[in-house]
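Examining the three-dimensional arrangement
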Amino acid sequence: MTHPFLDLAPLSAARFASIEDRVAKLLGTRQDVVVTQGEALLPLEGAIRACAGPGTTALNVITGPYGQTFGDWLRDCGATVIDLAVPFHTAVKAAQVREAFAEHPEIDFVSLVHAEAATGNTNPVAEIGEVVRAQGALFYLDAVASVGAEPVLPDAWGVDLCVIGAQKAMGGPAGVSAVSVSERAWARMAANPRAPRRSYLSLLDWKERWIDGGRKALLHAPAQLEMLALEACLERIEAEGLDAVMARHASAAAATRAGVAALGGGLEPYVHEAGEAAPVATTLRTPDGVVAAELVARALAADPALPLAAGGGALAQEMIRVNHYGPDATPGAVRACLAALGTALAESGAQGVDVTGALRAASEEWR
């Protein structure tokens, strides 16, 4: 029996390299790009373990759960970690990063999440990059959720390690990811005796055996279906135009916030300032006495395919995520989510719910 997902010709090294080149073009970078064969946690962890060790002093910015994870990895590597945590409903300021350097001039590594889809905030990477660059520290950025939804410019921002995944705003597969690596970062890895080698986490293996070898022989059999899906995803973005893809996400976020403001019923944006809200997803705070997970379950009862989810962990009590990314960055998806949430609120006994007004406000806000 034949199947379109089976019996495919092997993916050549040349085609693998061409996909890396398209990722580099997407990021506007001249740095080396390695497409890694796993979900984005692979290069996120691999990059930290390659660069951090007992001699590292890291400033770890926490604006959501992934920042907390990065701190754990850094400590596990033996690094001295200085956590800069801000409330999840806001973004970190460049001035706060500058103050951290003033208090700890020994900082030589900075880890930051660009957009936290889990909490709905986005951080001013360009401004923070200026501060980090002035101090000469290595700059590590998780841009998994932001790429495709807002600008991601590693070279212009001075980012030494920029990790992306395709499963959110890019509308692609979750099984492959990528990282751009500066020359400074490669040098840091080469000088780190604890950097993974001969390991699935090893970026140095890709540098020495793939990039330095002219990208002619792959380290191992690639995840073929995921690589082809990533290629198709990049083709789709190129055809639509990256600016147009980002504009869809910005419109989806603005329309969702406008719709929620008109909906009533006590629902409100979780991130207070629109300028600090990520365009990849909008998080909402439920009114007192309404459990977010229960409201989402009620909203999904009629249409389980809606891009709605409750927050993770303790946030399941108070946070709803409208995941308007990738193929769901559309007026129809936003309107459907608002209608379902409005109906669920009304069924829960909320007063003053105006679904018609919410849909009208969302339509008027879409650009």
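Note that this is a predicted model, so its numbers are computed, not measured. (Residues numbered from 1 in each chain as written. Predicted model: local features only at pLDDT ≥ 70, side-chain atom pairs only at ≥ 80, totals over all residues. Heavy atoms only, no water.)

With that settled, consider the UniProt feature "domain: Aminotransferase class V" (unreviewed entry) in the protein chain. As annotated in UniProt, the feature "domain: Aminotransferase class V" (unreviewed entry) corresponds to residues 14–310 in the numbering used here. Secondary structure across residues 14–310 comprises 43% helix and 17% strand; the distance between its end C-alpha atoms is 42 Å. (UniProt positions renumbered as here; feature names shortened; annotations may be inferred. Helix = DSSP H or I, 4+ residues; strand = E, 2+ residues; numbered from the N terminus.)

Let's shift gears to the packing of helix H7 (residues 183–191) against helix H8 (residues 203–211). In the contact formed by H7 and H8, the axes pass within 10 Å of each other and the chain directions differ by 110°. When the interaxial angle is binned, H7 and H8 end up roughly perpendicular. Residue-level inspection shows Trp186, Met189 and Ala190 of H7 in contact with H8, the latter providing Leu203, Leu204, Lys207 and Ile211. Among the residues making up the contact of H7 with H8, the classes are represented as six nonpolar, no polar and one charged. (Axes fitted to C-alpha atoms, helices over the stretch in contact; angles between N-to-C directions. Parallel < 35°, antiparallel > 145°, perpendicular 65-115°, else oblique. Contact = heavy atoms within 4.5 Å. Nonpolar A, V, L, I, M, F, W, Y, C, P; charged D, E, K, R; others polar.)

Below, the discussion takes up the packing of aromatic side chains. Evaluated as defined, the whole model comprises six aromatic pairs. Note on Phe16 and Trp206: the rings are 5.8 Å apart at their centroids and 10° apart in plane angle, and the pair reads as stacked. Taken together, the positions of Phe16 in helix H1 (residues 13–27) and Trp206 in helix H8 put the pair 190 residues apart, joining distant regions of the chain. When its relative accessible area of 0% is taken as the criterion, Phe16 is described as buried. Overall, Trp206 belongs to the buried group, its relative accessible area being 5%. (Phe/Tyr/Trp six-rings, centres within 6.5 Å; stacked < 30°, edge-to-face > 60°. Buried < 20%, exposed > 50% of the residue type's maximum accessible area, 1.4 Å probe, protein only.)

This part covers the UniProt feature "modified residue: N6-(pyridoxal phosphate)lysine" (unreviewed entry) in the protein chain. If you check UniProt for "modified residue: N6-(pyridoxal phosphate)lysine" (unreviewed entry), the listed places come out as Lys168 in our numbering. In this structure, Lys168 sits in the loop between strand S8 (161–165) and strand S9 (177–181). Overall, the relative accessible area of 17% leaves Lys168 in the buried class. When residues no more than four places from it in sequence are discounted, the contact partners of Lys168 are Ala117, Val144, Ala145, Val280, Tyr325 and Gly326.

What follows covers the domain arrangement of the protein chain. Along its sequence, the protein chain is organised into domain 1 (13–239) and domain 2 (242–365). Taken together, the contacts link 23 residues of domain 1 with 22 residues of domain 2. Buried area between domain 1 and domain 2, both sides added, is near 1,800 Å², and the carbon and sulfur share of it is 64%. Considering only the surface of domain 1 that becomes buried against domain 2, His89, Gly120 and Ala149 emerge as the three largest contributors, covering 27% of it. (Domains from an automatic or database assignment. Buried area = accessible area lost by both parts, 1.4 Å probe.)

Right, let's talk about the sheet that holds S8 for a bit. If you walk across this open sheet you meet the seven strands as S1-S9-S8-S7-S4-S2-S3, and the pairing is mixed. Whereas interior strands pair on both sides, the edge strands pair on one side only; in this sheet they are strand S1 (32–36) and strand S3 (80–85). Between one strand and the next, the sheet's axes are offset by a mean angle of 15°, whatever the strand orientation. One ladder, built from five bridges, connects S8 with S9; its direction is antiparallel. Its bridge partner being in S9, Gly165 is matched across the sheet by Ser177. Helix-sheet contacts for helix H5 (residues 125–135) involve strand S4 (109–113) and strand S7 (138–142), and the interaxial angle to S7 is about 160°. Sheet strands in contact with H8 are S1 and S9, and its direction is about 110° off that of S1. (Pairing = 2+ DSSP bridges.)

Time to look at helix H12 (residues 331–347). The end-to-end C-alpha distance of H12, which contains 17 residues, comes to 24 Å, matching closely the 24 Å that a straight helix rising 1.5 Å per residue would cover. Buried residues belonging to H12 abut helix H10 (242–263), strand S11 (282–285), helix H11 (292–300), strand S12 (308–310), strand S13 (319–322) and helix H13 (355–365). Where H12 terminates, the next one or two residues include Gly349, which has phi positive at roughly 100°. (Expected span 1.5 Å × (residues − 1).)

Moving on to the sheet that holds strand S10 (residues 268–269). Strands sit in the order S10-S11-S13-S12 across an open sheet of four strands; the sheet is antiparallel. Pairing within the sheet leaves two strands with one partner each, and these edge strands are S10 and S12. Two strands pair when backbone bridges link them, and S11 and S13 are joined in this way by four bridges, in the antiparallel orientation. Bridge pairing in S13 places Thr283 opposite Arg321. Of the strands in this sheet, S12 and S13 touch H11, which is tilted by about 155° from S12.

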